[in-house]
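Below, each chain spelled out in residue letters.
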Amino acid sequence: MRTILILLTFLLFLFGCGTGNVVNGNLVDGEPVRIGYLELSAFLPDFIVLENGFLEDEGLVAEYIEYGDGNTLLNDVVLGRIDKAFIGVTSYLPIEEQSPGAFQIFYPAFENLNHSGSCLMVNVDSNVTDISELKGKSFGTYIGTTQKLSLTLIFKNVFGSKDAAEIIQVDKLLQLQGLVDEQFDALLTIEPFCSIGVSQGMAKILEKAPRAKYIMNPYPVGAGFFSSDFVERRPADADKVVRAFDRALKIIKENEFEAKKLLPKYTKLTEEIAPYTQFYVLGESSDLTYEFREKTQEMANILYEENILDTKVDTSNIYYQSPSAVHEVVIGYRGHGQYLPVFVAKEQGYFEDEGLSAELVMFESTNTMIEAILAERVHASFGGVNTLALFYLQQQHSDAVKIFGLAKGDEDHFLQRILVKADSDMNNILDLEGKTLGIYLGSGVKVIVEELMSTENVFFEYIQMAPSLLVDALESGSVDDILVLEPMGTYAIQKGIAKALVDAVYVTYFTDLVSGSVMSSDLVTDDLLLADKLVRIQDRAAKFINDNPEIAAQYLIEYANVDSEMVEHLMIVPFLGSDDLDSTSVQHYADKMFEAGHLDSRINVSGLFY
């Protein structure tokens with residue numbers, strides 16, 4: 001075991017002090033952060049942190065300790081001899097079973113079809129061109145649980161049986177030579193051995209990312225984690241380590257090719273091939289997404305099914321939560337269908353999945369809710385903020401909020417209607433002439449009404465009031481007709497109070513972009529980790545609604561005062577996640593509003609998106 005101790009001792013000598021270390025010219029008390037590593041590409045973040053002094057920038061010193069194998073490294077983490085390490089998923093899950101809470105993951109590594117840290121190789125002279133030709137043959141791999149499990153799962157999914165081929169495990173340093181000497185017909189290995197085998201003419205790659213292709217995609221390879229003992233003893237330092245590694249991980253994410261040039265200094269890769277090696281996806285702490293957690297739990301289930309784990313392991317508690325992170329969030333909403341993602345996220349437990357406790361606060365108008373978001377009394381709102389209101393805000397306060405989701409309507413899926421009494425003799429939009437229309441609060445709805453009058457050349461008076469009063473106002477005769485949002489429209493129609501005069505008002509006179517999910521730009525700047533969590537929660541809620549509209553509608557019973565008998569009649573619009581946002585459509589809408597005279601100047605909507 002070789003130790004690289006990054007300790008600056010000049011001031012210690014000068015002051016004769018034996019209890020501190022010197023970092024960036026300052027005397028620092030306490031023990032170093034002990035980091036274990038192997039000579040593998042997956043430890044590139046550790047090498048970048050070491051090379052650039054990122055821990056020193058945080059006021060810490062680090063002791064880097066090289067290990068010959070991952071099992072010994074992991075054992076030392078459990079025993080508290082090492083503070084930070086990187087280990088494969090099939091190694092750390094058995095430890096969680098045996099010693100629950102021994103470690104805490106703070107950044108993920110996974111393999112997908114485009115980013116491969118593993119490969120299936122054959123001898124350079126082999127005639128094999130497809131994995132199907134290897135049924136009944138022999139597969140080599142290095143010693144350890146991870147690779148053996150991977151092979152048996154590949155056999156099961158490709159050949160139909162876990163015993164469809166022979167597995168021969170050899171020392172890591174002997175695996176390529178074993179393939180050359182024809183000790184086995186194929187080799188499942190990881191980087192840097194894939195690149196070394198190809199570059200030295202010893203082997204050729206038959207399959208890249210075989211685990212992602214034949215087991216699960218993405219495939220959770222492993223993770224960077226802390227010893228829980230370290231987190232408990234040094235919580236502030238744990239946050240500092242996370243920041244240091246996030247800097248390194250960001251460097252890899254932004255320019256992986258250049259980052260890999262450091263590998264020859266710490267691994268057996270040469271300068272010629274290091275930049276071209278295949279690589280896992282190494283995420284920052286904010287990339288511990290629901291999907292990664294879900295796949296990790298799926299892997300735990302597989303280990304149990306394969307008798308590698310004796311009990312089912314719940315992986316929900318193995319993730320690092322910063323003591324300084326925001327754990328309670330306030331989400332604004334209004335009592336209608338556009339805010340359905342808020343209700344779904346709350347009831348489906350999506351906030352809890354991200355370690356958050358959510359308080360939902362109801363507002364009577366969009367404007368007051370946006371004011372609360374800007375003042376950071378409210379962290380975000382999902383689904384329902386009128387897009388036009390965001391244009392006004394962008395015009396007045398550039399880059400004040402960020403859109404991270406949208407709702408889209410059409411002629412069959414809409415949230416706004418103009419209603420008249422059920423026994424009214426009004427039958428079409430021209431019958432609005434000279435009448436009094438009740439509308440809900442907000443500046444956006446006034447623009448809708450004025451655009452409708454201009455387009456149809458019909459003129460009437462409109463009165464704004466609280467949404468909850470609109471149906472009563474129609475029934476009492478205070479107004480001749482009302483413009484309402486779902487579920488109020490369906491409620492009034494199903495109760496026999498009203499009938500629809502105009503459907504799909506917003507879609508007909510403006511755009512199919514009904515509303516958006518927003519948070520303040522200051523929140524994004526101040527707490528990107530929290531912002532990312534809110535985006536992931538909204539994305540999951542949007543997918544759930546689109547996949548299960550009837551189930552999602554049930555949540556309106558509690559949050560929007562919908563009668564249970566009305567639920568099946570409700571109108572549910574599709575919602576877009578953060579990956580599906582189309583700035584072109586939003587820009588077209590903004591241009592249209594300017595040309596219609598509703599905006600004082602043209603705005604560039606690109607700055608509105610998260």
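Use the structure listed above.
Sequence positions are assigned chain by chain, starting from 1 and proceeding in written order. Given that this is a predicted model, residues contribute local features only at a pLDDT of at least 70 and side-chain atom pairs are listed and counted only at 80 or more, while totals for whole chains, interfaces and linings are drawn from all residues. Side-chain numbers here rest on the full set of heavy atoms in the structure, without hydrogens or water.

Draft legend 1. Just the side chain of Ser118, in detail. As for its position among the elements, Ser118 is in strand E8 (residues 118–123). Polar contacts, as used here, are pairs of N or O atoms within 3.5 Å; protein pairs need one atom able to donate a hydrogen and one able to accept it. Residues neighboring in sequence count only if both atoms are side-chain atoms. At 2.8 Å, the side chain of Ser118 and the side chain of Glu111 are in polar contact. If we ignore the near neighbours within four places in the chain, the residues touching Ser118 are Glu111, Thr189, Ile190, Cys194, Lys208, Ala209, Pro210, Arg211 and Tyr280. By definition, any uninterrupted DSSP run of H or I lasting at least four residues is a helix, any uninterrupted run of E lasting at least two residues is a strand, and each is numbered from the N terminus. Here, residues are in contact when the closest pair of their heavy atoms is within 4.5 Å.

Draft legend 2. Expanded view of the environment of Val61. In this structure, Val61 sits in the loop between helix H3 (54–57) and strand E5 (62–66). Along the sequence, Val61 and Glu31 sit 30 residues apart, while their C-alpha atoms lie 7.9 Å from each other.

Draft legend 3. Inspection of helix H18 (residues 387–396) at higher detail. Exposure categories follow from relative accessible area, calculated using a 1.4 Å probe and restricted to protein chains: below 20% of the type maximum is buried, above 50% is exposed, and the middle band is partly exposed. For H18, a buried count of 8 out of 10 residues is recorded, marking the element as mostly surrounded by other parts of the structure. Residues of H18 that are buried include every one of Thr387, Leu388, Ala389, Leu390, Phe391, Tyr392, Leu393 and Gln394, and no others.

Draft legend 4. Molecular detail of the sheet that holds strand E19 (residues 416–421). Strand order across the open sheet formed by 5 strands is E21-E20-E22-E19-E23, with mixed pairing between neighbours. Each end of this open sheet is capped by a strand with a single partner; those strands are strand E21 (461–464) and strand E23 (498–503). The average angle at which neighbouring strand axes cross in this sheet is 30 degrees, direction not considered. Strand pairing is assigned whenever DSSP identifies at least 2 bridges connecting the two strands. Summarising the sheet, E19 and strand E22 (residues 481–485) pair through 5 bridges and their orientation is antiparallel. When the bridges of E22 are listed, Leu419 appears paired with Ile482. To define axes, lines are fitted to C-alpha atoms, for helices over the stretch in contact only, and angles between the resulting N-to-C directions are given on a 0 to 180 degree scale.

Draft legend 5. Local environment of the packing of helix H4 (residues 70–78) against helix H5 (residues 89–98). It is at 11 Å that the axes of H4 and H5 come closest, and there the two elements cross at 35 degrees. The element H4 and its partner H5 pack so that their crossing is right-handed. Of the residues in H5, those in contact with Asn71, Leu74 and Val78 of H4 are Ser91, Tyr92 and Ile95. When its residues are assigned to classes, the contact of H4 with H5 shows 4 nonpolar, 2 polar and no charged. Handedness of a helix crossing follows the sense of rotation of the near helix relative to the far helix, less than a right angle counterclockwise being left-handed and clockwise being right-handed. Here the nonpolar group is Ala, Val, Leu, Ile, Met, Phe, Trp, Tyr, Cys and Pro; Asp, Glu, Lys and Arg are the charged ones; every other residue, Gly included, is treated as polar.

Draft legend 6. Spatial organisation of the pattern of salt bridges. The salt bridge criterion pairs a side-chain nitrogen of Lys or Arg with a carboxyl oxygen of Asp or Glu, the two atoms within 4 Å. One pass over the full model with this rule turns up 27 salt bridges. In this structure, Lys84 and Asp46 form a salt bridge, with 2.8 Å as the shortest nitrogen-oxygen distance. Placement of Lys84 in strand E6 (residues 84–88) and of Asp46 in helix H2 (residues 44–52) is noted, with a sequence separation of 38 residues between them. Salt-bridge contacts for Lys543 lead to Asp547; the nearest nitrogen and oxygen are separated by 2.8 Å. Here the residue Lys543 and the residue Asp547 both occupy positions in helix H24 (residues 528–547), the gap between them amounting to 4 residues, near one helical turn. Residue Lys543 is classed as exposed on the basis of its relative accessible area, which comes to 54%.

Draft legend 7. Broad picture of the packing of helix H17 (residues 366–374) against H18. One way to put it is that H17 packs onto H18 with a least axis distance of 11 Å and a crossing angle of 50 degrees. Comparing their axes, H18 and H17 come out oblique. H17 and H18 meet at a crossing whose hand is right-handed. In this structure, H17 uses Thr366, Ile370 and Leu374 to contact H18, whose residues at the interface are Ala389, Leu390 and Leu393. By residue class, the composition of the contact of H17 with H18 is 5 nonpolar, 1 polar and no charged. When an angle is under 35 degrees it counts as roughly parallel; over 145 it counts as roughly antiparallel; between 65 and 115 it counts as roughly perpendicular; any other value is oblique.

Draft legend 8. Region of interest: the packing of aromatic side chains. Under the pairing criterion, centres of Phe, Tyr and Trp rings, with the six-membered ring standing for Trp, must be within 6.5 Å; the plane angle then separates stacked pairs below 30 degrees from edge-to-face pairs above 60, leaving the rest tilted. One pass over the structure, following the stated rule, counts 24 aromatic pairs. Taking the centre distance of 5.9 Å and the plane angle of 85 degrees together, the rings of Phe106 and Phe245 count as edge-to-face. Of this pair, Phe106 sits in strand E7 (residues 103–111) while Phe245 is found in helix H11 (residues 235–254), placing the two residues 139 residues apart along the sequence. According to the relative accessible area criterion, Phe106 is buried, its value standing at 2%. We classify Phe245 as buried; its relative accessible area is 0%. Here the aromatic cluster, defined as three or more aromatic residues joined through ring pairs, consists of Phe43, Phe86, Phe106, Tyr107, Phe226, Phe230, Phe245 and Tyr320. Taking the ring centre of Tyr142 as reference, the NZ or CZ of Lys172 above it sits at 4.6 Å. The ring of Tyr319 carries the charged tip of Arg293 above its face, separated from the ring centre by 4.3 Å. Working rule: Lys NZ or Arg CZ, within 6 Å of ring centre, within 35 degrees of ring normal, means a charge sits over the ring.

Draft legend 9. Fine view of the state of the cysteines. Disulfide assignment relies on a single distance test, namely cysteine sulfur atoms paired within 2.5 Å. Applying the stated criterion across every chain, the model contains 1 disulfide. Put simply, Cys119 and Cys194 are joined by a disulfide, and their sulfur atoms are 2.1 Å apart. The chirality of the disulfide connecting Cys119 with Cys194 is left-handed, given an S-S dihedral of about -105 degrees. Pair noted here: Cys119 is in strand E8 and Cys194 is in helix H8 (residues 193–199), with a separation of 75 residues, a long-range link.

Draft legend 10. Summary view of helix H15 (residues 340–347). Of all 8 residues that make up H15, 6 are buried, and the element is covered over most of its length. All of the buried residues along H15 are Leu340, Pro341, Val342, Phe343, Val344 and Ala345. Backbone geometry just downstream of H15 places Gly349 in the positive-phi region, at approximately 80 degrees.

Draft legend 11. Highlighting unusual backbone geometry. Residues Asn217 and Pro218 are joined by a peptide bond in cis, for which omega reads 0 degrees. Residue position: Pro218 is located in the loop between helix H9 (210–214) and strand E13 (219–227). The phi torsion at Glu376 lies on the positive side, around 60 degrees, for a residue other than glycine. If you trace the backbone, Glu376 turns up in the loop between H17 and strand E17 (380–386). On the basis of relative accessibility, which here comes to 39%, the residue Glu376 falls in the partly exposed class.

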